[in-house]
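Listed here are the chains, written in short residue letters.
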Amino acid sequence: MRDQVKTIFFDLDHTIWDFEKNSSEALQDLIRIHGLESVIGNTLQFIADYKKINHLYWEAYRKGEMEKAELRIGRFREALSAYGVEDPAMHEKFADGYVELSPEKTNLFPHAHEVLEYLAAKYPMYIITNGFEEIQGRKMRNTKINTFFKGVITSEMAGVRKPHPDIFKYAMGISNAMPHHSVMIGDEPDIDIRGAGEMGLFTILFNPVQKEHQVKANHEIHSLIQLKELL
């Protein structure tokens, strides 16, 4: 595989940038900033409930069933309202505050810098993400991983979201890469792996918690350090 690969594409959230830790820290900050500790009570339970709601909203957004503006605020409106916080102004404050605070968080998965430095010395690398365009660069700059990548390809730029084949076609055009000489590394079997695999890219599933799935990747890893053995 190492001899065939000439370009590497990474997902960002949940693959390099530790979304769960960073999101949790940002939410805890927002609860404290707005003095909602006593209203919400069990902060960890609130975060767990928000996580489920956020997942459903992102699924709807990815499928084109929801616009970005509704995703941005609706997830907080639903989560906070369930805890008795029904003030639209507070929902807006959380939506704005989350977009401001979360990219400032700097938790990466173990070995991220070491592995990216190793790979960047050998291959041109790009990010392909469904995440909001305006905050991906901030995440990367704040964690000091931006210099490892030649570019960031967002679903907003491409006009479609992973796993739609057109985002991978768009990535091939931006990078001047060929699918059979490219590899996609991501954490979502259906979004990152199936989509890229159908386009002819090599696929590596990053599965640190070893969740069950039905999608066949070329390789599956549980730690980023394993990429040094493959590439």
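Our structure's up above, just so we're on the same page.
Attention here is on the structure that accompanies the text.

Re the packing of aromatic side chains
Then, number 1: Evaluated as defined, the whole model comprises twelve aromatic pairs.
Then, number 2: Judged by centre distance (5.0 Å) and plane angle (20 degrees), the ring pair of Tyr50 and Phe76 falls under stacked. In this pair, Tyr50 sits in helix 3 (residues 43–62) while Phe76 sits in helix 4 (residues 68–81), placing the two residues 26 residues apart along the sequence.
Then, number 3: A residue is classified by how much of its surface remains accessible, and Tyr50, at 1% relative accessible area, is buried.
Then, number 4: On the basis of relative accessibility, which here comes to 0%, the residue Phe76 falls in the buried class.
Then, number 5: Ring centres 6.1 Å apart and planes at 55 degrees place the aromatic pair Phe76 and Phe94 in the tilted group. Of the two residues, Phe76 is situated in helix 4 and Phe94 in helix 5 (residues 88–101); the sequence distance between them amounts to 18 residues.
Then, number 6: Counting every residue linked through ring pairs, the aromatic cluster contains Tyr50, Phe76, Phe94 and Tyr98.
Then, number 7: One residue, Lys68, lies across the ring of Phe132, its end atom 4.9 Å from the ring centre.

With respect to unusual backbone geometry
Then, number 1: The omega torsion of the bond from Lys162 to Pro163 falls at 10 degrees, within 30 degrees of zero and hence cis.
Then, number 2: Looking at where Pro163 falls in the secondary structure, it is placed in the loop between helix 8 (155–158) and helix 9 (165–175).
Then, number 3: Within the chain, His14 stands out as a residue other than glycine whose phi angle is a positive 70 degrees.
Then, number 4: Here His14 shows up in the loop between strand 1 (7–10) and helix 1 (19–33).

Structural notes on the side chain of Thr7
Then, number 1: Note that Thr7 resides in strand 1.
Then, number 2: For Thr7, a relative accessible area of 6% corresponds to the buried category.
Then, number 3: For Thr7, the residues in contact, after removing those within four places along its chain, are Pro124, Tyr126, Ala177, His181, Ser182 and Val183.

Quick look at the sheet that holds strand 1
Then, number 1: One open sheet holds the six strands; their spatial order is 3-2-1-4-5-6, and the pairing between them is parallel. Of all the strands in the sheet, the pair left with one neighbour each is strand 3 (151–154) and strand 6 (219–221). Each neighbouring strand pair of the sheet contributes to a mean axis angle of 25 degrees, computed without reference to strand direction.

Here's the deal with the pairing of strand 4 (residues 182–186)
Both faces of the sheet carry side chains from a regular strand, because those side chains alternate between them.
Then, number 1: Summarising burial for strand 4: five of the five residues are buried, a large majority.
Then, number 2: Relative to strand 5 (residues 202–206), strand 4 is paired through four bridges, and the arrangement is parallel. Directly across from Gly186, in strand 5, lies its bridge partner Leu205.
Then, number 3: The β-α-β motif built from strand 4, the intervening helix 10 (residues 189–198) and the parallel element strand 5 has right-handed crossover chirality.

A closer look at helix 7 (residues 133–142)
Then, number 1: Among all positions in helix 7, only Ile135, Gln136, Arg138, Lys139 and Met140 are buried.
Then, number 2: Against helix 5, strand 2 (125–129) and strand 3 lie the buried residues of helix 7.

So, the environment of Ile153
Then, number 1: Its place among the elements puts Ile153 in strand 3.
Then, number 2: Measuring from C-alpha to C-alpha, the distance between Ile153 and Ile174 comes to 8.3 Å, with 21 residues separating the pair along the chain.
Then, number 3: Sequence-distant contacts of Ile153, defined by excluding residues within four places in its chain, comprise Phe9, Tyr126, Ile127, Ile128, Thr129, Ile167, Tyr170, Ala171 and Ile174.

Cut-offs applied
- All residue numbers here refer to positions counted from 1 along the written sequence of the relevant chain.
- Given that the model is predicted, a residue must reach a pLDDT of at least 70 before its local features are reported, and side-chain atom pairs must reach 80 or more before they are shown or counted; all residues, however, enter totals for whole chains, interfaces and linings.
- Here the side-chain values reflect all heavy atoms present in the structure, with hydrogen atoms and water set aside.
- Any two rings among Phe, Tyr and Trp, with Trp reduced to its six-membered ring, count as a pair given centres within 6.5 Å; such a pair is stacked if its planes are under 30 degrees apart, edge-to-face if over 60, and tilted if neither.
- Helix and strand definitions follow DSSP, with helices as H or I runs of at least four residues and strands as E runs of at least two, each counted in order from the N terminus.
- Note on classification: 1.4 Å probe, protein chains only; a residue is buried when its accessible area is under 20% of the maximum for its type, exposed when over 50%, partly exposed between these limits.
- Ring-over charges, as used throughout, are those where CZ of Arg or NZ of Lys falls within 6 Å of the ring centre and within 35 degrees of the ring normal.
- Throughout, a contact is declared for two residues whenever any of their heavy atoms are within 4.5 Å.
- In short, DSSP must find at least two bridges between two strands for them to pair.
- Lines are fitted to the C-alpha atoms to define the axes, a helix being fitted only along its stretch in contact, and any angle between axes, read from their N-to-C directions, falls within 0 to 180 degrees.
- A clockwise course of the path from the first strand over the helix to the second, judged with the strands pointing away from the viewer, identifies a crossover as right-handed.

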